[in-house]
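# A look at the structure
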Amino acid sequence: MSLRKLDVVVVGAGFSGLYLLHKLRSSGFTVGVFEKGDQLGGTWHWNRYPGARCDIPSLQYSYQFDEELQQEWKWSEKYSAQPEILDYLNHVADRFDLKKDIEFNTEVISATFDEKKSLWLIQTSNEKIEAKFCVMATGCLSAPNTPDFKGLSDFQGQLLHTGKWPQNPIDFTDETVAIIGTGSSSIQSIPVIAEQAKHLYVFQRTANYSIPSNNGPMDPREEAEVKSRYSAFRKENWENGFGIAGLEIEALASESTEQERFEKFNNHWEKEGLGFLGAYADLMIDKEANEMAASFVRTKVKEIVKDPEVAELLSPKFTIGCKRLCVDTGYFEAFNRDNVTLVDLNSNPIERITEQGLIANKEYLVDSLILATGFDAMTGALTRIDIRGRRGIRLKDQWKDGAKSYLGLGISNFPNLFTVTGPGSPSVLSNMVPSLELHVEWISQCIEWMRDNNKNVIESTKAVEDEWMVLVNEVADQTVYKSCNSWYNGSNIEEKAKDFLPFIGVPPYTEKITEVAEQNYQGFVFDKTN
Ligand code: N01
């Protein structure tokens, strides 16, 4: 096998990988992007399940690095559906001539740091590459979680996972379908599948909060208004805690009257989608205030769902927002249909999957079984690659008792390896696109700075990352985020360490990483000698 030499290997051709390629190539580096899929898009390539749609408004969920690009692209709806986001990414790739440096159908199997040469040796499914830097643009939600259901391999019907959906559209007409899980993916797909299927069984372990998207065609006046001051609009969004417009408020639920709260919650229910949690500033820090919002949503569920028993089962009991809030189009309404049945897994646990369906108290015979069981979030895409740093240390082993990273960008013992939106950064608790643009720019500038300042190797240290992850958890301790099991804290996967991984707060985080860069990458070590 030949050994190709590059300055930078980028793993993944989603939003992050595409921008990294553009940015680094423009700075004169040789870059190769390696992508397992047969096309670009990352999460928007793999998650093609019916109803897949972004729940951040399109005018915000898009690149801002190029003014002409953000002016020329026209989104057709307030919240874009998966095919349109994929079209957008293809448009970006064509516009900046990116595809020629992307190897599709190429899985990165291992990455090994050669300490003598200070180079990464990357083994892909097709070739070996030697590179000075390795940037993991592998996404936070890209390693599907398939629970170890007894008998799963016995199933003879169509087995699907929302996070790895086939490219050909699937028609469920005349089929009996089972879907396991009630997270965002399931909540988006249930209303669409229910329209087609003969019968849909929804297997629910935990009822989830969902807010109506009230999606619709893009309002041309809103689009024109935003585009007339796009960069200022982006900056305003970036200044609030989650980097999303509409979340910045000062009023407290605990200081409002019942009537004021009802009006505010109702207004946010009707207009804000994910921004429902921005109705009051204390919803995510004060349990009592949080319960006021939670109780409002439960009341809505009971108003929508006609069967009181089903409505009760669909009413979430935990703190609202501590699991990722969902945004839907007709989710609760779908349970009023005669062809949709909710099965409560707490009173009817899944005993096993059979050749023709599944047994949960009784046997359900189905044509298709959909696993909407989520992801090994934030770390899975990294630990599923055999990454070995100094002294042959495997990332998977180093993170066995919890993922630690300095700023979500660098990991001790893994020199010249960067992660985009890694653990310890706002990532999934922010608008992902501006967050990943921030990281791409930080990483690219760091690599340029190293070239200009004759630095060969950069790495984080155990001390700085320990300290950083303590801060990540101290910030989370001031909120309600740790009050339930969620993929934010690894508790959706039994064998995973139960650490809270996202940093809460876009503005202080941005300030911190900017300051670190301005102070010549303070906290990182250069050209360490063993
Ligand atoms: O996954 P999830 P998802 N037996 O982990 C259940 C993003 N996203 O793919 O809650 C039975 O949220 C599990 O039950 P429980 C978004 O950030 C974004 O839906 O653990 N059930 C849960 O109900 C989202 O948060 C968009 O008790 C089992 C479900 O499976 C993230 O992706 C759209 C089980 C998994 O829910 C993940 O969403 C879609 C078991 N053994 C997704 N194991 C946008 O709009 C798991 N479950 C941008």
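Turning our eyes to something else, we now look at the overall build of the protein chain. Looking only at helices and strands, the protein chain features 16 helices and 20 strands. Relative to a compact globule of 530 residues, whose C-alpha radius of gyration would be 24 Å, the protein chain shows 23 Å and is just as compact. For the protein chain, with 530 residues in total, the buried portion stands at 58%. Residue pairs in contact within the protein chain that sit at least 24 positions apart in sequence constitute 72% of those at least 6 positions apart.

This part covers the sheet that holds strand S16 (residues 368-371). With respect to topology, five strands assemble into an open sheet ordered S7-S16-S8-S9-S12, the strand pairing being parallel. Two strands close off the open sheet at either side, each with one partner strand: strand S7 (158-161) and strand S12 (340-344). Neighbour-to-neighbour, the strand axes of this sheet turn through a mean angle of 20°, independent of strand direction. Judged from the four bridges that link them, S7 and S16 form a sheet pairing that is parallel. Bridging from a neighbouring strand, Gln-158 pairs with Ser-368 of S16.

Turning to the site of the ligand, a few remarks are in order. Not every one of the 24 residues close to the ligand is listed here, only the nearest: Arg-53, Thr-182, Ser-185, Thr-206 and Lys-323. Within the backbone of Asp-55, a nitrogen or oxygen atom sits 3.1 Å from an oxygen atom of the ligand. A distance of 2.8 Å is found between an oxygen atom of the ligand and a side-chain nitrogen or oxygen belonging to Lys-323. Burial of the ligand by the protein amounts to 87% of the accessible area it has alone, namely 910 Å².

The subject of this paragraph is the sheet that holds strand S13 (residues 352-353). Spatially, S13-S14-S15 is the arrangement adopted by the three strands of the open sheet, whose pairing is antiparallel. Bordering the open sheet on either side are S13 and strand S15 (362-365), each of which pairs with just one other strand. As paired strands, S13 and strand S14 (residues 357-360) are joined by two bridges and run antiparallel to one another. Following the sheet pairing, Arg-352 is matched in S14 by Ile-359.

Calculation rules
- Residues numbered from 1 in each chain as written.
- Predicted model: local features only at pLDDT ≥ 70, side-chain atom pairs only at ≥ 80, totals over all residues.
- Heavy atoms only, no water.
- Helix = DSSP H or I, 4+ residues; strand = E, 2+ residues; numbered from the N terminus.
- Rg over C-alpha atoms; globule rule 2.2 N^0.38 Å.
- Buried < 20%, exposed > 50% of the residue type's maximum accessible area, 1.4 Å probe, protein only.
- Contact = heavy atoms within 4.5 Å.
- Pairing = 2+ DSSP bridges.
- Axes fitted to C-alpha atoms, helices over the stretch in contact; angles between N-to-C directions.
- Near = heavy atom within 4 Å.
- Polar contact = N/O pair within 3.5 Å; in protein donor to acceptor, adjacent residues only side chain to side chain.
- Areas by Shrake-Rupley, 256 points an atom, 1.4 Å probe, with all protein chains shown as cover.

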